[in-house]
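In case you want the letters, here they are:
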Amino acid sequence: MTRENTLRVIVVGGGAAGLVCAGFAAKNGCSVTVLERNDRPARKVMITGKGRCNLTNATEPDEMIKNVPGNGRFLYSAFHNFTYHDTMALVESMGVPLKIERGNRVFPVSDKAVDVVDALHKFAKKSGAVIERARVQSLILENGACVGVVDDKGKEHRADRVVVCTGGVSYPTTGSTGDGYDLARQAGHTVIEPRGSLVPLECAEPLCEAAQGLSLKNCGLTVLDTARKNKVVYTDFGEMLFTHFGVSGPMILSASAHLRDVTEGRYRLLIDLKPALSAEQLDARMLRDFAEMQNADLQNALPKLLPRSLVEPFLTQIGVDGETKCHSVTREQRETLRTAVKALPLTVTKPRPAAEAVVTAGGVSVKEVDPKTMASKLCEGLYFAGEVLDVDAYTGGFNLQIAFSTGAAAGQHMGIEEEL
């Protein structure tokens, strides 16, 4: 391309997808401007991985697709075009060394998300992109094509290509407030109703509020779908947290991504409080504990087995009197105890609001977007990348890889057709 016909590109949103897209488009010789509503780009990246930034997963494309329950096949081309190897190479080329931890999760060696944010920012600017602070209000549509945007101050930003990378509706304080959905609708796109994914769950049982603040480090989880004859839809082992509304923590967030069309009572959680013990071993353990404390109340003996703050709400839920003397515990009561320790039931009433979710499920229908270039199939000159699309993955760095891969797909295709 000559200087006179340089392709002008507007990237709406300076998150992970937007900065990667801008960097590659600028490398292709385009004149790129990123319009970011916040005073600093990639604010959401700052809080990922509890501030450490789990930026990708060291998993090959076909396996990565299996970790994307929301329209994973749409990402086939994007994942193969820009793999985790490419993500790591890009970030490390900007001076940020990386490491691979348990579960193939990739983090900066510094354990500081800000280093990844700075690397993405540096990549975009070093490539030639300009970042301006502005909140985009609407698209400029002429003759069925997108030819620019208008910001909230009424200023027009004319362009040959517009890429919407505004994120979803999770963590709205970082700027993800659903602006991209409105822009997509203006161009005639279908927006699948956004909902939270990787989100805490509300539960019906009073036990959760009574035990709020209690964190379990090593427990098991089984999720049953009662609408499908108690089909097991998810199992896991790890950490969880009781809250005033229900349950949260890494294991619960991962489980939430498997729950679709949640209605009150449809899904049941079974918590294994002692996964290292079989039912027989647990029974023997209880018999031994009760023999050692035969004259003590049951509620004073159980802290040898369960966290003290869980004992009273646990006994209340299963209907066993905590003042029962250990020597008086019947076989039936012991069986009730054993069953509940291995499978404490909790009833999901609903997920927490999408604003509390790690990522958003739903968004711009992928049926209306070219999977190779991220170009709109409905409106010439319009593209989408990142969380604004109807794609969502499990925890472990997969969602940020979606942002990087779709952002790269859009950016790398900018300017190519003009040179052919």
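Only a predicted model underlies this, so the values are computations on that prediction, with no experimental measurement involved.

Participant: Any details on the packing of aromatic side chains? Residues and values, ideally.
Facilitator: One pass over the full model with this rule turns up 2 aromatic pairs. Measuring from ring centre to ring centre gives 5.7 Å for F24 and F82, while their planes differ by 80°; the resulting arrangement is edge-to-face. Note that F24 is positioned in helix α1 (residues 16-27) and F82 in the loop between α3 (76-81) and α4 (84-93), a separation of 58 residues in sequence. Taking the relative accessible area as the measure of exposure, F82 reaches 4% and is therefore buried. Centroid distance F24 to F123: 5.2 Å. Interplanar angle 65°. Geometry classified as edge-to-face.

Participant: Describe the pattern of salt bridges, listing the residues and the values that go with them.
Facilitator: Considering all chains together, one arrives at 24 salt bridges under this definition. Put simply, D297 and K325 hold a salt bridge, and the shortest N to O gap is 2.9 Å. Residue D297 is located in the loop between α9 (279-292) and α10 (298-301), and its partner K325 is located in the loop between α11 (308-318) and α12 (331-342); the two are separated by 28 residues in the primary sequence. On the accessibility criterion, D297 (15% relative accessible area) is buried. Owing to a relative accessible area of 35%, K325 belongs among the partly exposed residues under this scheme. Residues participating in the shared-partner salt-bridge network are R52, K99, E101 and D111.

Participant: Provide a residue-level description of the sheet that holds strand β8 (residues 145-151), including the pertinent values.
Facilitator: Pairing is antiparallel in the open sheet, where 3 strands are placed in the order β7-β8-β9. Only two strands of the sheet have a single partner each, and these edge strands are β7 (136-142) and β9 (156-158). Pairs of neighbouring strands in the sheet enclose a mean axial angle of 30°, with direction left out of account. The sheet contact formed by β8 and β9 spans 3 bridges and is antiparallel. Across the sheet, the residue bridging to V150 is E156, located in β9.

Participant: Give me the lowdown on α4, citing residues and values where you can.
Facilitator: Looking at α4, one finds that the buried residues are Y84, T87, M88, L90 and V91. Take α4 and look down its axis: the buried residues cluster within an arc of 160°, on one side only. Buried residues belonging to α4 abut α1, β3 (56-57), β4 (98-101), β5 (105-108), α5 (113-127) and α13 (398-413). Sitting at the amino-terminal end of α4 is T83, which places a side-chain oxygen 3.1 Å from the backbone nitrogen of H85. Two residues or fewer past α4, G95 is found with a positive phi of approximately 90°.

Conventions used here
- Residues numbered from 1 in each chain as written.
- Predicted model: local features only at pLDDT ≥ 70, side-chain atom pairs only at ≥ 80, totals over all residues.
- Heavy atoms only, no water.
- Phe/Tyr/Trp six-rings, centres within 6.5 Å; stacked < 30°, edge-to-face > 60°.
- Helix = DSSP H or I, 4+ residues; strand = E, 2+ residues; numbered from the N terminus.
- Buried < 20%, exposed > 50% of the residue type's maximum accessible area, 1.4 Å probe, protein only.
- Salt bridge = Lys/Arg side-chain N within 4 Å of Asp/Glu carboxyl O.
- Pairing = 2+ DSSP bridges.
- Axes fitted to C-alpha atoms, helices over the stretch in contact; angles between N-to-C directions.
- Arc of directions from axis to C-beta.
- Contact = heavy atoms within 4.5 Å.
- Polar contact = N/O pair within 3.5 Å; in protein donor to acceptor, adjacent residues only side chain to side chain.

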